Amino acid sequence: MTAAVFAISVALLAFEILLLRFFSIQQFSHFAYAVISIAMLGGGASGTALVLLRERVRGRERPAFAWTAGAFVALLVACPVAAHRLPFEPTALVWSGKAWGTLLLVALVLALPFCAGTAAVILAMLARPARTPALYAANLAGSGGGALVALALLSARPPWTPRVSPFKALPQIEAYPEARRLGERWSPLGWVVAVGTPAFHHAPGLSLAYRAGLPRQVAILVDGELAGGATTRAANAAGGAFLDWLPTAAAYRVVQPGRVLVIGSGPGLEVSIALAHGASRVVAVELNPDVIALTRQVLDSASDVYRDPRVALVIGDARSVAARTPERFDLIVLTPTEAFGTAAAGLHALAEDYLSTVQALRTYLGLLVPGGMLATTRWVRAPPRDDVKIILTAGAALRAAGDTSPGAHLVCLRTWATATVLVRPRGFTPDDLSRLRAFAASRLLDADWLAGPPPGDAPVFNRVEQPMAREAALASARGPDSVTAFAARYAFDVRPPTDDRPYFGHFIRLGTLRRLLALGAASWLPFAEWGYVAVLATLLQGALVAAILMVVPAAVLSARGSRAGAPLRVIAAYFGAIGLGYLLVEMAFIQQLQLLLGHPVYAVTAAVAGFLIFSGAGSLWSARLRAGWKSAAVIAALIVVELALGPVAVRGAQPLGLAARAAIGIALLAPPALLMGMPFPAGVRALTTDRPGALAWAWAVNGFASVIAASLATLIAVEWGWRWVLLSGAACYSAAALAGGGMRASPATGRALAEGPSGP
Amino acid sequence: MRRATLVLAGFGLIVAAPRAPAQGPRGRDRMAMVAEQIAGRGVRDTATLRAMRTVPRHEFVPAALSDEAYGDHPLPIGFGQTISQPYIVGYMTELLGLGPRSRVLEIGAGSGYQAAILAEIAGEVYTVEIIGALATSAEERLRRLGYGRVQVRRGDGFEGWKDAAPFDAIIVTAAAGFVPPPLVEQLKPGGRLVIPVGSVYGAQNLVLVGKARDGSLTPRTLLPVRFVPLVRTRQIR
């Protein structure tokens, strides 16, 4: 039975991760929260179902286990197929009531395997109560193994063709005339596709004054979203004139184009710009090797910038590369993480972006030679958001580097569509500024800030209602208090992102959300800042469903079960707190590992597998150690220690290779994960002797606490930072320790909890 | 829920303004749409309002979504394309400053709805659509509804429509991140070009590029009306 529980757990977690990837390829990435909730919902519902069927199952746990396990295998195959056939179109949620019905149906169908799988695990524990620690350990270790299995599966091409949402770039570009898919690659980092069509053009922020043509480009897409355009050789020779009419070209009016570092080089547009301006060496950092491989595959060798002897390609996480490189640069070009593909849509509002935080910019500034410069370009939207945020972030990074007059070291240039910020710690000479002015005039750019406010009679090319970029630069120049006051007044969240709150793309403020919704959500929200709303909706729905499904079994239990043993509310407090606490802490570690490992897929796999495996070991151990509720108190204390230790360790480990970083990350999470495996089996074992009727109730409460935990963790992180997520986790475990103490009021439960389960 | 609101809004209008002529099928829906969403949000140009009261929007949406045609939101028309929210159509049309003798180029015909609105106002309307199936269906639909004067062509909007240039106005319905240089060339001095900013999905605001008599360009970022109350209530200094 232990082996069966292990196998079921492997399948459950692998299914969850594959479902996650599947949703982000076919739809958009914010459905990740929906998948986590679906899994947790299925698990929690199984607890409820077992409460209701308790009497019928009693004494027949073993055959019930066999049946449920069989059903799980069947559902695992049938449900995804059925869900795939449902005509679900998320964008229709905006205008169609029917779409909400379909969404609910898809969620319910996909929750079934989770429900059956979890039910089988609970039944196994009901059938063999004495073996609970071993079974729980098998459950956790199996789930950890499932994460690794999923990672292996993600490297292969799936057996079906993904049905990508028509609102993503891939199907749209493939509908262009003469479009041809020139190649594709699968890896856990994403599904990369190259599409060639003469109608594809990619030149974000191209000057309005540019009158000539564009070279042929090949679209490079990751998970169906545009990552950039691979540009043919014409761009680098005489036909590459357009490169001098893109916003970054301004940077080359100031610095001598010697050594250039391009962060997030992707299909190579910024590398081409650097080469076209005479760079002697370009270090190009790109996280996804498949993007580079496909770019090089579709370009002839003459067009392949990565073949140029001046270009050094580094595959890896830019933060890690920046932490270890001994090289110094004249210019560092930071491309937006989403490479102008979807960054403007707020689709990645809740994706951690560690490349544009204050700490990141501070690190880049440390890589500059004296007189070196950092340049980055963002979309300009109305009302202004991205440009304002990057200016405030650059100002904060300068101050963090000890600069007392950051205003003198910033330049902000704006086209009709983009804003470019130049950061130069040494400042700008009058000559530099006059060259920039000339560049701006010839390109129809506006200088919102030229190491100071522009003169009142400066020509205006692109008229905006509010010159917010200037206001932001002014606040940066005045000091941190001005920045805080400015951000607090602003209608959008433009606080400089930090490593603790790494959400560059997040702009919605809770305070303004209400007003935005009042303006008519249907008119723009879905395509604008959808991610945040999706998480909020997931949290509210999860909480609602959780409440309903928890009240039902509670009513059933109190109506018929024996009232001996600990009161239900104390049991709920204990299992709810450890359920919530576990996920909050795990999510916080996922985030820390993302900074350390550089990609969410690595972080999720390492954290999920690490947590489950170590918690499994902790669960096994709990029987021998006789650890009871007191372990919860120790966990709370340990989390507080990690809170201080984590950032230091992450910073120290950053220069190391990926494997070493992963090892350090797992070493960080091992101690809390080990202990966190203990309170649950301790509680379960106590209940089996004291109040077995409440066992499924405990599972339901624990599961449903987890339903809301993922979205709750994200909301706390976006508003206040991950430190507070960890602290909330510590608070949960403190509460669990108190509730565990409360259970001692009931002699049997109290004894079991205090002493830990007596091993088999 | 939303449908109920829409019906109620329409009902209120009928009670309040019984004189508004309801033309043809769904005329009342159309009157309500213009009153609530277009005029109600500050579009003043009489030619634009008249055009939007006239063109049967429900003919331009997939049959299954016909009920929703006059709702305050975009609708999918296949191929990942949408028919824009009525207000956006009205707002962009007004910005173009068209007269009966204007010659207009549209990039991105989609359903053909915007082209039909333009045809109600302007003298000559040219529209380019990159997706073949959409170009064909838009052309067929425009002809069937009496807008056969609209010239439809399948092709890459990047190149504009050189043979028919220059234009008094150019309207780009999909965001590209840059204005294709040929479009700037094909705009008459004194003409206007309207384009959304951002990536294909991220279009959140519009830019109106004017071309002065001397050929110089005057881009102007426009704050969508939906944001105005937001900015007003929380004063940004």
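Residues numbered from 1 in each chain as written. Chains lettered and ligands numbered in written order. Predicted model: local features only at pLDDT ≥ 70, side-chain atom pairs only at ≥ 80, totals over all residues. Heavy atoms only, no water.

Let's shift gears to the side chain of Thr93(B). Residue and element names in this part refer to chain B. Structurally, Thr93 can be placed in helix α4 (residues 86–96). Taking the relative accessible area as the measure of exposure, Thr93 reaches 2% and is therefore buried. Residues in contact with Thr93, not counting those within four places in the same chain, are Thr48, Gln114, Ile117, Leu118 and Ile121. (Helix = DSSP H or I, 4+ residues; strand = E, 2+ residues; numbered from the N terminus. Buried < 20%, exposed > 50% of the residue type's maximum accessible area, 1.4 Å probe, protein only. Contact = heavy atoms within 4.5 Å.)

Residue and element names in this part refer to chain A. Throughout the structure, instances matching the rule amount to 15 aromatic pairs over all chains. Taking 4.9 Å as the distance between ring centres and 15° as the angle between the ring planes, the aromatic pair formed by Trp186 and Trp191 counts as stacked. Trp191 matches Trp186 in its accessibility class, with the two residues each being buried. Plain terms: the ring middles of Tyr574 and Phe575 are 5.2 Å apart, the flat faces sit at 85° to each other, and that makes the pair edge-to-face. Residue Tyr574 is classed as buried on the basis of its relative accessible area, which comes to 0%. Residue class for Phe575 comes out buried when judged on its relative accessible area of 0%. Cluster of aromatic residues (ring-pair linked, three or more members): Tyr136, Tyr574, Phe575 and Phe680. (Phe/Tyr/Trp six-rings, centres within 6.5 Å; stacked < 30°, edge-to-face > 60°.)

All names here are of chain A. The N-to-C vectors of helix α1 (residues 2–26) and helix α6 (residues 132–154) enclose an angle of 40°; their axes lie 6 Å apart at closest approach. Between α1 and α6, the interaxial angle falls into the category oblique. For the pair α1 and α6, the sense of crossing is right-handed. Grouping the amino acids of the contact of α1 with α6 by side-chain chemistry returns 16 nonpolar, six polar and one charged. (Axes fitted to C-alpha atoms, helices over the stretch in contact; angles between N-to-C directions. Parallel < 35°, antiparallel > 145°, perpendicular 65-115°, else oblique. Left-handed = near helix turned anticlockwise from the far one by under 90°. Nonpolar A, V, L, I, M, F, W, Y, C, P; charged D, E, K, R; others polar.)

Residues and elements named next belong to chain A. Structurally, Pro129 can be placed in the loop between α5 (97–127) and α6. With 563 residues separating them along the chain, Pro129 and Pro692 place their C-alpha atoms 9.8 Å apart. Apart from the residues lying within four places of it in its own chain, the contact partners of Pro129 are Arg685 and Thr688.

The subject of this paragraph is the nonpolar core. Core analysis: the biggest nonpolar cluster contains 122 residues, and Ile571(A), Phe575(A) and Tyr733(A) have the highest contact counts within it. Residue contributions to this core peak at 20 residues, all from helix α19 (residues 568–597) of chain A. (Core = buried A, V, L, I, M, F, W, Y, C linked by side-chain atoms within 4.5 Å.)

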